[in-house]
Every structure is written in structure tokens, then in C-alpha cells.
Amino acid sequence: MDENQEEVKPQKGGSNIILIIIIVILIVFLLGGGLLVYFLMSGNDESSIEQAEQQVAQMSKKGPTPRERSNDFFNVGPMYPLDQFVVNLLSESGSRYLKMELNLELSSEMLTPEIDQKKPIIRDIIIRTLTSKTYEDVSTAKGKERLKDEIVGKLNEIIRDGYIKNVFFTDFIVQ
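The structure presented is a predicted model; accordingly, all values stated were derived computationally and were not measured.

What counts as what
Residues numbered from 1 in each chain as written. Predicted model: local features only at pLDDT ≥ 70, side-chain atom pairs only at ≥ 80, totals over all residues. Heavy atoms only, no water. Phe/Tyr/Trp six-rings, centres within 6.5 Å; stacked < 30°, edge-to-face > 60°. Buried < 20%, exposed > 50% of the residue type's maximum accessible area, 1.4 Å probe, protein only. Lys NZ or Arg CZ within 6 Å of the ring centre and 35° of its normal. Helix = DSSP H or I, 4+ residues; strand = E, 2+ residues; numbered from the N terminus. Pairing = 2+ DSSP bridges. Expected span 1.5 Å × (residues − 1). Contact = heavy atoms within 4.5 Å. Arc of directions from axis to C-beta. Polar contact = N/O pair within 3.5 Å; in protein donor to acceptor, adjacent residues only side chain to side chain.

Caption draft 1: Inspection of the packing of aromatic side chains at higher detail. Tallied over the full model, the rule gives 1 aromatic pair. A ring pair is formed by Phe-169 and Phe-172, whose centres lie 5.0 Å apart and whose planes are at 45 degrees; its orientation type is tilted. Its relative accessible area of 19% is what places Phe-169 among the buried residues. When the ring centre of Tyr-135 is taken as origin, the NZ or CZ atom of Arg-96, which lies over that ring, is 4.1 Å away.

Caption draft 2: Representation of the pairing of strand S2 (residues 85-88) in the model. Side chains Phe-85 and Val-87 of S2 all project onto a buried face; the interleaved residues Val-86 and Asn-88 project onto a face where none is buried. Direction of pairing for S2 relative to strand S3 (residues 97-106): antiparallel, over a ladder of 4 bridges. Bridging from a neighbouring strand, Val-86 pairs with Lys-99 of S3.

Caption draft 3: Here's a closer look at helix H5 (residues 141-156). Between its first and last C-alpha, H5 extends 23 Å over 16 residues, near the 22 Å set by a 1.5 Å rise per residue. Taken as a whole, H5 has its buried residues at Gly-143, Leu-147, Lys-148, Ile-151, Val-152, Gly-153, Leu-155 and Asn-156. Its buried side turned inward, H5 meets S3, helix H3 (119-131), helix H4 (135-139) and strand S4 (164-174).

Caption draft 4: Representation of H3. The terminal C-alpha atoms of H3 lie 18 Å apart, and with 13 residues this matches the ideal 18 Å at 1.5 Å per residue to within 8%. Regarding H3, the residues found buried are Ile-122, Ile-125, Ile-126, Thr-129 and Leu-130. Viewed along the axis of H3, the buried residues span an arc of 130 degrees, placing them on a single side of the element. Set apart from the buried face of H3 by more than 90 degrees, the exposed residues are Pro-120 and Arg-128.

Caption draft 5: Spotlight on the environment of Thr-129. By secondary structure assignment, the location of Thr-129 is in helix H3. Placed 21 residues apart in sequence, Thr-129 and Glu-150 show a C-alpha to C-alpha distance of 7.9 Å. Setting aside residues no more than four positions away along its own chain, Thr-129 makes contact with Leu-147, Glu-150, Ile-151 and Lys-154. Within the structure, Thr-129 has its side chain in polar contact with the backbone oxygen of Ile-125 (distance 2.8 Å).

In C-alpha cells:
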């Protein structure tokens, strides 16, 4: 029996050494793989940042994004007049009215057929936007500017062939 015990002990010791060597090799491979992934990812991050910066530069050269109103009054685009709007403003008594007319400044003349086709949708969006406002929202200059921004943003969500550059109020009466 002593001989069997002696034979088992060297096998356990040899197994432990082999197990330790395998674990060390796995750790080395994992660390090496982790470093490789780190270097590959860090290289891609720099190129991604450069690509993003180039895209931003190109967009700024093209002009405003479709959700921004243009303030370039020297290069005014084609105008599209809309019919008069008369709506109730949001109020507790329900006795406030807004009468207004507006013109849409288009990015190009090519947008006119789409605006003609979507005119009922455009009027609906504007009416819903106006009726969600209170007298206080639309009575100040800042309020009117915010209203223009909101109208432009909402209309540009449904436009495909270009974008609305700006909105101009040609008549604006609150009672």
C-alpha cells in the first residue's frame, strides 16, 4: 500500500503543475487578447471622431439643419403663402382668438409640389400647434420666435424633398 500511495502523490503533484501551467498560459492569452482589442478599439475611436468632425463640417457648409430656422435674410428662398388661420387660444375662459397668416420659406422651388400635396396636413399641424398656446405664449416677441421654431420643426418632420427654412407671419392678431 505504501507503494500505491507514493505513486499517487507524484501524479497529483504533476497534475497540479500541469494545471498551473495551463492557467498561466490562459491568463497570458487573455491579457494579450485584451491588449489587442484595446489597441484596435482605440485606433478606431480616433478615426470615428475624425469622421464625425468631417460630417459636422460638411453639414455646416450646406446650411442649417432642417430643424433650424434660417436667419439668412440676404438669401431668401421661395415663399409659399398659406391661407388665413383663425383659432381659439388655450385659456380657462376660452375667449381668446388668434387670427394669422403666414408664409413658408422653402429651401428650393422643387419643394412646392410636395407642399401642395401636403397642404391639409401642414394646416392641421399649424392649427394643433396654435391651439396649444396661451395668450401669454404668443403675445411677446420671444413667444412668437419660439412659435416659429416649433412650427418649422414640426413641418420639417413631414417634408421629404427639402425643408422649410423659415416661417414669416404676415398677419397676427390676438383678441
